[in-house]
Amino acid sequence: MQSELQTLLLHRLAVINDHAWRDRDPAAHLDALREASEAITAWTAAHRTEIDPQLRHFLANASYQKALAHIDNPPS
């Protein structure tokens, strides 16, 4: 389940880091970024009761880097 979220978060990060795309077509780049963020929001809404409170907090505050780090290194 969290691998889906991890994929969404990594995709959003890849979009952000694609500076060539941003420079070439800012509107399309912004649309892709918005779509990636909306996908994360939709995933969060669908799985809200299944994820731990810390991850839920990161996602609710759009702290996506922290959410990704939390998935990669879950607390013991």
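The preceding data block contains the structure.
It should be emphasised that the depicted structure is a prediction, and the values quoted were computed from it without experimental measurement.

Novice: Which parts of the structure should I look at to understand the overall build of the chain?
Specialist: A tally of regular secondary structure across the chain gives five helices and zero strands. Starting at the N terminus, the α and β elements of the chain follow one another as α-α-α-α-α. In terms of principal-axis extent, the alpha carbons of the chain reach across some 45 × 20 × 20 Å. The contacts of the chain with a sequence gap of at least 6 include a subset with a gap of at least 24, amounting to 56%. With an accessible surface of roughly 4,900 Å², the chain has 54% of that area assigned to carbon and sulfur atoms.

Novice: Where do I start with helix α5 (residues 64-72) in this structure?
Specialist: Considered for burial, the residues of α5 that qualify are Y64, A67, L68, H70 and I71. Along the axis of α5, the buried positions cluster into a sector of 160 degrees, meaning they face one direction only. When the buried face of α5 is taken as reference, the exposed residues oriented beyond 90 degrees from it are Q65 and K66.

Novice: Is there a simple way to explain helix α1 (residues 2-17) in this structure?
Specialist: Residues spaced three or four apart along an α-helix face the same direction, because each turn holds 3.6 residues. Here α1 contains 16 residues, and its C-alpha end-to-end distance of 22 Å stays within 8% of the 22 Å for a straight helix at 1.5 Å per residue. Buried within α1 we find L5, L9, R12 and V15. Each buried residue of α1 lies within a common arc of 120 degrees when the element is viewed along its axis, so the set occupies one face. On its buried face, α1 is in contact with α2 (19-24), α3 (26-47), α4 (53-60) and α5.

Novice: Got a minute to help me understand the packing of α1 against α5 in this structure?
Specialist: Angle between the axes and distance between the axes are the two parameters that describe a pair of packed helices. At a minimum axis distance of 10 Å, the contact between α1 and α5 shows a crossing angle of 140 degrees. Our classification of the angle between α1 and α5 gives oblique. When you trace α1 past α5, the crossing you get is left-handed. Across the interface between the two elements, Q2, L5, Q6, L9, L10, R12 and L13 from α1 touch Y64, Q65, A67, L68, I71 and D72 from α5. Residues that form the contact of α1 with α5 fall into these classes: eight nonpolar, three polar and two charged.

Novice: Please clarify how the pattern of salt bridges should be interpreted in this entry.
Specialist: Two side chains carrying opposite charge are able to pair once their charged atoms lie near each other. Counted by the stated rule, this structure contains two salt bridges. In this structure, R22 and D23 form a salt bridge, with 3.3 Å as the shortest nitrogen-oxygen distance. Using a relative accessible area of 36% as the deciding quantity, one classes R22 as partly exposed. Here R34 and D31 are joined by a salt bridge, their closest N and O atoms 2.2 Å apart. Linking R34 with D31, this pair stays in helix α3, spanning three residues, or about one helical turn.

Cut-offs and rules
Residues numbered from 1 in each chain as written. Predicted model: local features only at pLDDT ≥ 70, side-chain atom pairs only at ≥ 80, totals over all residues. Heavy atoms only, no water. Helix = DSSP H or I, 4+ residues; strand = E, 2+ residues; numbered from the N terminus. Contact = heavy atoms within 4.5 Å. Areas by Shrake-Rupley, 256 points an atom, 1.4 Å probe, with all protein chains shown as cover. Buried < 20%, exposed > 50% of the residue type's maximum accessible area, 1.4 Å probe, protein only. Arc of directions from axis to C-beta. Expected span 1.5 Å × (residues − 1). Axes fitted to C-alpha atoms, helices over the stretch in contact; angles between N-to-C directions. Parallel < 35°, antiparallel > 145°, perpendicular 65-115°, else oblique. Left-handed = near helix turned anticlockwise from the far one by under 90°. Nonpolar A, V, L, I, M, F, W, Y, C, P; charged D, E, K, R; others polar. Salt bridge = Lys/Arg side-chain N within 4 Å of Asp/Glu carboxyl O.

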